[in-house]
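Okay, here's what each chain looks like letter by letter:
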Amino acid sequence: MRDRKENRVSSQKSRSKKLAWLAGIAIVCGIAYYGSQQTVKPVEPIVTTGQQGKRPDSLAAYAKSVMDKNHLAGAIGIVRNGKLTTVTSGMADLKKRIPNSSKQVVYPIGSMQKEITGAMVMQVMREKAHTDQAFSQDTKIARWYPNLKHADQVTVGNLLTHTSGYAVPTIEYARHQEYTDLGAVAWTISKIDTTDQLPAGSYIYSDVNFILLAGIIKKETGKSYSQNFYDRVAKPLKLTHTYIRQDLPKKLHLAVSYRYVDPNYYQSAISYAVPVSTQLPGAGNLVSTPADFYKIQLGLENGQLLTKEEFSKMTHLKAKKTLYSGGVYLKKHETIHLAYGTLDKEHYGAYMQLTADNKNGIIMLINQRQQSERKLKRIAFQILKRIKARTFSLY
């Protein structure tokens, strides 16, 4: 009896295992069929810099949920108590099936590059000090551009604070050709000289100012803006994922930009083209990651790029008429550093807001959105409040 009973039990267990196995096959087949019938947004894992494979903390999980709720794709570097965690969501390239969680993905940083250009100008200024080639924030740019309109009234400080009065609204429009640094400068000068401009000292935000600064760097050093960037910034900081757009190695993937058009993801795909990037030396031709950009922020004040005193001078130029100076805004009584960048006709969004000691904040590099600049900043503010309450700026 016992043997027969055990045999019956064994037979029942065997049938149960077979049924479970068949049920599993049915579920898998059903999922495969469902997945083949519609396009769904891929859910990407949270990637924590230096902690891959570990359970994500609640702040990282919250940031991921905010990205998903607002249909954002990209990478956000969360800085808390001096420690960076990178959270990603969505696809960097839907066609090639490259997720934003890939370590090889980089993003355009747009106007956030201007702070780097400002630092490079300060470096050159330091090197030329006490020589017959010395210049300062008060030096008129006629020294480098003698035939440029108003150049005898505009200073280096005016360029660094967007108070030159210069603006060319079409500066980012695709021209379908590649430029050298000085070629881009020459095009910019021709547009300034042939269009109405505001008087020197007038504030108007424009890429023009930092393109002219890139030209000054070239003229003072005899090297291209890109070579100066690699020598002065990338090498000292050992950056591995920050390049001039046209120099991007094949091993890295530039995220494609997309729009979210409810309820459809990854619409209107457009990538940052090399020709357009060459129009903007010093003003928007860099690609990077949150981790690399954070290294740059630290280097701007720890002596690797600039000293604290030099950074303070760059962000407190006499020509400033707003909270902006040297490529960055100082807000909330100078307790916050803030910068934002985007590119005309494309869907990227780059945003940085850090405390003055660089110990708390976010570096956001987005490649899919539907939001305006202000709405994107409001989304970022939700995360910033979780990092450190009553600290950050809404805009």
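Residues numbered from 1 in each chain as written. Predicted model: local features only at pLDDT ≥ 70, side-chain atom pairs only at ≥ 80, totals over all residues. Heavy atoms only, no water.

A. Here's a closer look at the confidence of the model for the protein chain. Mean pLDDT over the protein chain: 89, with 86% of residues reaching 70 or higher. Contacts from residues 1–56, a stretch scored under 50 in pLDDT, to residues over four places away or in other chains number 35 contacts. (pLDDT = per-residue confidence, 0-100. Contact = heavy atoms within 4.5 Å.)

B. Examining the side chain of Arg245 more closely. Tracing the backbone shows Arg245 in the loop between β6 (243–244) and β7 (253–254). No salt bridge is formed by the buried Arg245. Its closest oppositely charged neighbour is Glu346, at 8.1 Å. Excluding residues that lie within four positions of it along the chain, Arg245 makes contacts with Leu254, Tyr272, Val274, Ser277, Asn285 and Val287. (Helix = DSSP H or I, 4+ residues; strand = E, 2+ residues; numbered from the N terminus. Buried < 20%, exposed > 50% of the residue type's maximum accessible area, 1.4 Å probe, protein only. Lys, Arg positive; Asp, Glu negative; His and termini not counted. Salt bridge = Lys/Arg side-chain N within 4 Å of Asp/Glu carboxyl O.)

C. Quick peek at the pairing of strand β12 (residues 328–331). For strand β11 (residues 324–325) and β12, the ladder comprises two bridges, and the chain directions are antiparallel. By the bridge assignment, Ser325 is partnered in β12 with Val328. Adjacent in sequence and paired antiparallel, β11 and β12 are bridged by two residues, among which Gly326 carries a positive phi angle near 70 degrees. Bridging between β12 and strand β13 (residues 336–341) involves three bridges; their strand directions are antiparallel. Residue pairing for β13: Lys331 is matched across the bridge by Ile336. Connecting β12 to the antiparallel partner β13 that follows it, the hairpin turn spans four residues, and Lys332 within it adopts a positive phi of roughly 50 degrees. (Pairing = 2+ DSSP bridges.)

D. Structural context of the nonpolar core. Membership of the largest hydrophobic core comes to 83 residues, with the highest contact counts inside it found for Ile141, Tyr166, Leu212 and Phe229. Ignoring any residue separated from it by four or fewer positions in sequence, one finds Ile141 in contact with Leu148, Ala151, Val154, Thr155, Val156, Leu159, Tyr166 and Ile216. Judged by nonpolar contacts, the second largest core, of 24 residues, contains Val66, Met67, Val87 and Ile387. (Core = buried A, V, L, I, M, F, W, Y, C linked by side-chain atoms within 4.5 Å.)

E. The arrangement of the environment of Glu334 in detail. Here Glu334 shows up in the loop between β12 and β13. Overall, Glu334 belongs to the partly exposed group, its relative accessible area being 39%. Distance in space between the C-alpha atoms of Glu334 and Leu323 is 8.8 Å, their sequence separation being eleven residues. With near-sequence residues (within four places) excluded, Glu334 lies in contact with His316 and Ala356.

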